[in-house]
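Here's the letter readout for the chains.
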Amino acid sequence: MNSSVGSVIVARKREDVKIKVPNCLIVSGASSLNEARNLGAARFLTDLIAFIDDDNGLDKDALDEMAKAFSLSDKIGVVSPVIFDRQGSVWFAGGRFNPLGMAKIDRTVPRGLRPTETFHDVFMVKREAFEKAGGFDSKRFPFYLGEADLAERLKRLGYHFFVVPQARVWHDIERGSITRNSHIRNEQRAYLVGRNRLLFLRLYRSRWWLHLFILPALAVFHILGMVTDRKFSFIRPYLKGIGDGLK
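K.L.:
Help me understand the overall build of the protein in this model?
P.N.:
A count of helical and extended segments in the protein gives eight helices and eleven strands. Here the protein holds 247 residues, and 53% of them are scored as buried. When the accessible surface of the protein is totalled, it reaches about 12,100 Å², and 53% of it is carbon and sulfur.

See the structure below:
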């Protein structure tokens, strides 16, 4: 692996981490995902920082391929690999946000570098850009849309983001569960999913109020998923999150 890359692996359970990456730091026990990422980034003095959630498996050349992309332009701030799910289908190959704050994800492998407005799970950041942007806002976005918040601040600094087709990652996720695929794994995350989209839109979209027209349908979709998955205790914090996001 390129020696200029420091890898921050965010672990939910240290005993579960089996990722073998040189020059890496495994961070566990932090109060939130994005606090862990900030703590890990502060430990490295490398030019590039790779953030890796522990439920991902990396192709042996993935980090090197991502690192190469930064040499193409000083204004490249973040690069992402193509991410596959457990079944081998493309789970993420870039994406763009529509005016309502909904991300449309590309699910085809690009032939060359593909511009993207979003990134998550595994991505590499230029340290200079990361520090100029102030890192992750772990207070407002401890989890869910923290990457989108960072992306907005990086864009305002003039940086661009790309997906690197030669870099490939396998994410341990199985499609089917609405709550799992919507990042709703516990009551705290149910609250944050309900709140953070509205908070993000109010911070970065002048016409955030347009989202209110689809909010009821989105809420019904999420709540039906909670009922289907028998996660009844998630409903109240999710609705509280929506209420707090509107304040």
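K.L.:
Please explain the environment of Ser 73 as it appears in this structure.
P.N.:
As for its placement among the helices and strands, Ser 73 is situated in the loop between helix H2 (62-69) and strand S5 (76-84). Residue classification places Ser 73 among the partly exposed positions, given a relative accessible area of 29%. Spatially, the C-alpha atom of Ser 73 lies 9.8 Å from that of Tyr 159, the residues being 86 residues apart in sequence. In terms of polar contacts, Ser 73 uses its side chain to reach the backbone amide nitrogen of Lys 75, at 3.1 Å.

K.L.:
I keep staring at the side chain of Arg 205 and nothing clicks. Help me out?
P.N.:
Mapped onto the elements of the fold, Arg 205 is located in the loop between helix H6 (187-204) and helix H7 (215-228). Owing to a relative accessible area of 17%, Arg 205 belongs among the buried residues under this scheme. In terms of polar contacts, Arg 205 uses its side chain to reach the side chain of Glu 152, at 3.2 Å. Contacts of Arg 205, omitting those with residues within four sequence positions, involve Phe 97, Glu 152 and Phe 200.

K.L.:
How should the packing of H6 against helix H8 (residues 235-245) be read in this particular structure?
P.N.:
The N-to-C vectors of H6 and H8 enclose an angle of 20°; their axes lie 7 Å apart at closest approach. Classed by the angle they form, the pair H6 and H8 counts as roughly parallel. In this structure, H6 crosses over H8, and the sense of that crossing is right-handed. Contacts between H6 and H8 involve Glu 187, Ala 190, Tyr 191, Val 193, Gly 194, Arg 195, Leu 198 and Arg 202 from the former and Pro 237, Tyr 238, Lys 240, Gly 241, Ile 242, Asp 244 and Gly 245 from the latter. Classifying every residue of the contact of H6 with H8 gives seven nonpolar, three polar and five charged.

K.L.:
What is the right way to look at empty space enclosed by the protein in this model?
P.N.:
On inspection of all chains with the given rule, the structure shows one cavity of 30 Å³ or more. In terms of lining residues, the largest cavity is bounded by Tyr 144, Val 193, Gly 194, Arg 197, His 211, Leu 215, Leu 218, His 222, Tyr 238 and Ile 242. Counting residues per element, the ones that place at least two in the lining of the largest cavity are H6, H7 and H8. When grouped by side-chain class, the residues that make up the lining of the largest cavity number six nonpolar, three polar and one charged.

K.L.:
Help me understand the environment of Asp 64, please; the structure alone is not making it clear to me.
P.N.:
Mapped onto the secondary structure, Asp 64 falls in helix H2. For Asp 64, a relative accessible area of 25% puts it in the partly exposed group. Asp 64 sits 103 residues away from Ala 167 along the chain, and the two C-alpha atoms are 8.1 Å apart.

K.L.:
Help me understand the pattern of salt bridges, please; the structure alone is not making it clear to me.
P.N.:
It is possible for side chains bearing opposite charge to pair when their charged atoms get close. In the structure shown here, the tally under the stated rule is 15 salt bridges. The partner of Lys 132 in a salt bridge is Glu 128, with the nearest N and O atoms 3.3 Å apart. Taken together, the residues span about one helical turn, with Lys 132 and Glu 128 both in helix H3 (residues 127-133) at a distance of four residues. On the accessibility criterion, Glu 128 (45% relative accessible area) is partly exposed. Two residues, Glu 152 and Arg 205, come together in a salt bridge whose shortest N-O distance is 3.2 Å. With Glu 152 in helix H4 (residues 146-156) and Arg 205 in the loop between H6 and H7, this residue pair connects regions lying 53 residues apart in the sequence. For the pair formed by Glu 152 and Arg 205, the shared burial category is buried. Each member of the salt-bridge network shares a partner with another, and the members are Arg 37, Asp 53 and Glu 147.

The rules behind the values
- Residues numbered from 1 in each chain as written.
- Predicted model: local features only at pLDDT ≥ 70, side-chain atom pairs only at ≥ 80, totals over all residues.
- Heavy atoms only, no water.
- Helix = DSSP H or I, 4+ residues; strand = E, 2+ residues; numbered from the N terminus.
- Buried < 20%, exposed > 50% of the residue type's maximum accessible area, 1.4 Å probe, protein only.
- Areas by Shrake-Rupley, 256 points an atom, 1.4 Å probe, with all protein chains shown as cover.
- Polar contact = N/O pair within 3.5 Å; in protein donor to acceptor, adjacent residues only side chain to side chain.
- Contact = heavy atoms within 4.5 Å.
- Axes fitted to C-alpha atoms, helices over the stretch in contact; angles between N-to-C directions.
- Parallel < 35°, antiparallel > 145°, perpendicular 65-115°, else oblique.
- Left-handed = near helix turned anticlockwise from the far one by under 90°.
- Nonpolar A, V, L, I, M, F, W, Y, C, P; charged D, E, K, R; others polar.
- 1 Å grid on protein atoms, 1.4 Å probe; cavity = no way out; pocket = protein on both sides within 12 Å on 5 of 7 lines; lining within 4 Å.
- Points joined across faces, edges and corners; volume = space filled by probe spheres on them.
- Salt bridge = Lys/Arg side-chain N within 4 Å of Asp/Glu carboxyl O.

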